[in-house]
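Okay, here's what each chain looks like letter by letter:
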Amino acid sequence: MPQEQSGTPSSSPIRRKKLFIKTYGCQMNVYDSARMADVLAPLGYEPADQPDDADLVVLNTCHIREKAAEKVFSDLGRLRPMKSHRAGTSEPMLIAVAGCVAQAEGAALVRRAPYVDIVVGPQTTHRLPELIAKAHRSAKTVLDTDFPADTKFDHLPAPRADGPTAFLSIQEGCDKFCTFCVVPYTRGAEYSRPAKDILTEARGLVSGGVREITLLGQNVNAYHGDAKSGSGVWSLGRLARELADIGGLDRIRYTTSHPRDMDDDLIDAHATVPALMPYLHLPVQSGSDRILGAMNRGHTREAYYQIIDRLRSGRPDLALSSDFIVGFPGESDQDFADTMKLIEDIKFSQSFSFKYSPRPGTPAAESSDQITEDIKSARLAALQSLLSQQQKAFNLATVGQKLPVLLTGPGRHAGQMVGRSPYLQPVHLDAPTKHHGMIVMTEITAAISNSLSAVAVNAPPGPNPPSEKVNSH
Ligand code: 5AD
Ligand code: SF4
């Protein structure tokens, strides 16, 4: 057993322990993994690069498609001998499975991989310290897949800034019940954090050097948190305006959103809040009204076109991205052609696309109209080819433009740094490492597959976009 903590910190320092977290799936999971590391830090857990000699390995899992869920079991298979090797020594390895596979398959997971010590769902990660203590005392798997009445956010420590960009989770869960999706079952009902807590967390991040915050939620634009004053409710548009007033917070993004929740206020915020970056991930999933209906998306193809028109009339340079599912049960050639037509009409700067994967317990998985793997593969290839042409065209169109780039890390070559354009394109340019975290004005010189090359230029007299604060360099 690892040494239990004893005595006061001054009389007996906490033994340093190694923590390895592997994150699968979405940005919510990336955020949750960081929060798990935060909650374990006071227990002496420090990040490890490899699972081999970790005291605790956490797999923070994704259940959205079958492939993602199965990967967890193959990774567990690799961890098992490492754990056996350390069994009976003074430094055994604990294995925890967290996230959506833990939530959806809890008991089945314990049966299939009984050597897992802890199974913890996404809503109770703050209980990890007590679950670890229990696991040390018990030979059996400790399982916690509750949806507690009090939110985990009330129990997690405030996140620390780690670089110029940060995620901030403002909303969790989903009440939409798209017929293909496990999220309403694994993440539970929609919950919005109070605006006051979000503003406090954002200010803390900015004072630690963060300049760009991405607001996260499974249905982030369904946000309806308690107003800062405590009376009434704020929408995402209102929250974005308040966040934009935080000095030093230059860029705001949000993901993932739903067309049904693009309300007037949020559309207006895209036109009037310069800190709201001109890039929006607005999944449409399909361009066929018949399939959108069967998916229970609650909007038509025409409604999507109208939202995009309104957004672009207020912010003409808005870059768009989407998720697409091909091979949803019953999808005909015509339905798929409708999706291709929608892509041709809208033009996306980048996108994510998937073959439909039947998920246990979801309505679409029960349909007798499943599409063959061959058809799914052919449709996905055609769709991805079109999306990739559009991404290249979008990137090429920025060549010659002057764009402010937030420098986020070292580039591919010595003397280079990489950063983000307002449109979320990776941009490589020559810059000294001391410029990390600065927004520099650049001229885009080339588009290479999925990224851009640029040179730094002096900031023009007028800022671009309107309020972006560009560091001189
Ligand atoms: N099969 C394929 N893709 C799915 N997604 C969600 N559920 C499924 C599924 N069962 C995709 C959707 C969603 C993204 C996060 O994952 O496109 O927007
Ligand atoms: Fe899943 Fe649909 Fe909710 Fe998105 S809106 S999380 S796709 S159920």
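Just so it is clear, the structure is predicted and the values come from calculations on it, not from any experiment.

Calculation criteria
Residues numbered from 1 in each chain as written. Chains lettered and ligands numbered in written order. Predicted model: local features only at pLDDT ≥ 70, side-chain atom pairs only at ≥ 80, totals over all residues. Heavy atoms only, no water. Near = heavy atom within 4 Å. Nonpolar A, V, L, I, M, F, W, Y, C, P; charged D, E, K, R; others polar. Phe/Tyr/Trp six-rings, centres within 6.5 Å; stacked < 30°, edge-to-face > 60°. Buried < 20%, exposed > 50% of the residue type's maximum accessible area, 1.4 Å probe, protein only. Helix = DSSP H or I, 4+ residues; strand = E, 2+ residues; numbered from the N terminus. Lys NZ or Arg CZ within 6 Å of the ring centre and 35° of its normal. Core = buried A, V, L, I, M, F, W, Y, C linked by side-chain atoms within 4.5 Å. Contact = heavy atoms within 4.5 Å. Domains from an automatic or database assignment. Buried area = accessible area lost by both parts, 1.4 Å probe. Salt bridge = Lys/Arg side-chain N within 4 Å of Asp/Glu carboxyl O. Polar contact = N/O pair within 3.5 Å; in protein donor to acceptor, adjacent residues only side chain to side chain. Pairing = 2+ DSSP bridges. Axes fitted to C-alpha atoms, helices over the stretch in contact; angles between N-to-C directions. Areas by Shrake-Rupley, 256 points an atom, 1.4 Å probe, with all protein chains shown as cover.

(A) Up close: the site of ligand 2. Lining the immediate environment of ligand 2, one finds Cys174, Lys176, Phe177, Cys178, Phe180, Cys181, Val183, Pro184, Asn219, His258 and Arg297. Residues of the shell around ligand 2, tallied by class, amount to seven nonpolar, two polar and two charged.

(B) Quick peek at the packing of aromatic side chains. This structure, assessed with the given rule, holds six aromatic pairs. A ring pair is formed by Phe177 and Tyr185, whose centres lie 5.5 Å apart and whose planes are at 75 degrees; its orientation type is edge-to-face. Look at Phe177 and you get partly exposed, because its relative accessible area is 37%. The class of Tyr185 is partly exposed, set by a relative accessible area of 39%. Between Phe394 and Tyr423, the ring centres sit 5.7 Å apart and the planes meet at 85 degrees, which makes this aromatic pair edge-to-face. One end of the pair, Phe394, is in helix α12 (residues 373-397); the other, Tyr423, is in the loop between β18 (416-420) and β19 (426-430), with 29 residues separating them in the sequence. Chaining the aromatic ring pairs together yields one cluster made of Phe180, Phe328 and Tyr356. The ring of Phe354 has Arg65 sitting right over it, with the charged end atom 3.6 Å from the ring centre. Over the aromatic face of Phe153 sits the side chain of Lys152, whose NZ or CZ is 5.6 Å from the ring centroid.

(C) Up close: the nonpolar core. Within the largest apolar cluster, 53 residues are counted, with the highest numbers of intra-cluster contacts made by Leu215 and Leu239. Among the elements that line this core, the one with the most residues is helix α6 (residues 195-207), at six residues. When neighbours within four sequence positions are excluded, Leu215 is seen to be in contact with Leu168, Ile170, Val220, Leu236, Leu239, Leu243, Ile252, Arg253, Tyr254 and Thr255. By size, the runner-up hydrophobic cluster in this structure holds 22 residues, among which are Val57, Ala68, Ile95 and Val97.

(D) Spotlight on the domain arrangement of the protein. With domains assigned, the protein is organised as domain 1 (17-144), domain 2 (163-397) and domain 3 (402-456). When the buried surface of domain 2 facing domain 3 is broken down by residue, Pro164, Arg251 and Asn395 rank first, second and third, together holding 37% of it. At the junction of domain 2 with domain 3, the criterion picks out one salt bridge. As a salt-bridge pair, Arg420 and Glu212 come within 2.5 Å of each other at their nearest N and O atoms. Counting across the interface, domain 2 meets domain 3 through eight residue pairs in polar contact (both at pLDDT 80 or more). For the side of domain 2 that touches domain 3, the elements supplying multiple residues, two or more each, are β13 (251-255) and α12. Per element, the largest residue contribution to the side of domain 2 that touches domain 3 is four residues, and it comes from α12. Here the side of domain 2 that touches domain 3 is built from residues that sort into seven nonpolar, five polar and six charged.

(E) Representation of the sheet that holds strand β3 (residues 56-61). Within the open sheet, the six strands sit side by side as β2-β1-β3-β4-β5-β6. Their pairing is parallel. Unpaired on one side and paired on the other, β2 (45-47) and β6 (142-144) mark the two borders of the sheet. The mean angle between the axes of side-by-side strands here comes to 20 degrees, regardless of whether they run parallel or antiparallel. Here strand β5 (residues 118-120) runs beside β6; their pairing, made up of three bridges, is parallel. Paired with Ile118 across the bridge in β6 is Val142. Each of β1 (17-23), β2, β3 and β4 (94-98) is contacted by helix α1 (residues 27-40), which is oriented at about 170 degrees to β1, the strand it contacts most.

(F) Representation of unusual backbone geometry within the structure. That bond from Thr255 to Thr256 is cis: its omega, 0 degrees, falls within 30 degrees of zero. Structurally, Thr256 can be placed in the loop between β13 and α8 (264-272). Phi is positive for Asn296, which is not a glycine, with a value near 60 degrees. For Lys347, which is not a glycine, the phi torsion comes out positive at approximately 70 degrees. When you line up the elements, Lys347 lands in the loop between α11 (333-346) and β16 (350-355). Overall, Lys347 belongs to the exposed group, its relative accessible area being 52%.

(G) Region of interest: the site of ligand 1. Taken together, the neighbourhood of ligand 1 is formed by Ile64, Arg65, Phe180, Gln285, Asp323, Ile325, Phe354, Lys355, Tyr356, Ser357 and Arg359. One of the side-chain nitrogen or oxygen atoms of Arg65 is found 2.8 Å away from an oxygen atom of ligand 1. Within the side chain of Asp323, an N or O atom sits 2.6 Å from an oxygen atom of ligand 1. Calculation on ligand 1 without its partners gives an accessible area of 400 Å², and the protein chains cover 87% of this total. Listing elements by their share of the shell around ligand 1, those giving two or more residues are β15 (319-326) and β16. Partitioning the shell around ligand 1 into residue classes produces five nonpolar, two polar and four charged.

(H) Layout of the pattern of salt bridges. Applying the stated criterion across every chain, the model contains 34 salt bridges. Here Arg211 and Asp250 are joined by a salt bridge, their closest N and O atoms 2.7 Å apart. Here Arg211 is found in the loop between α6 and β10 (212-216), whereas its partner Asp250 is found in the loop between α7 (236-244) and β13, with 39 residues between them in sequence. Here Arg211 and Asp250 have matching classes, each one buried. A salt bridge links Arg238 to Glu242, with the shortest nitrogen-to-oxygen separation between them at 3.1 Å. Taken together, the residues span about one helical turn, with Arg238 and Glu242 both in helix α7 at a distance of four residues. A relative accessible area of 18% places Glu242 in the buried class. Here the residues in one salt-bridge network are Lys22, Lys71, Asp75 and Arg78, joined through shared partners.

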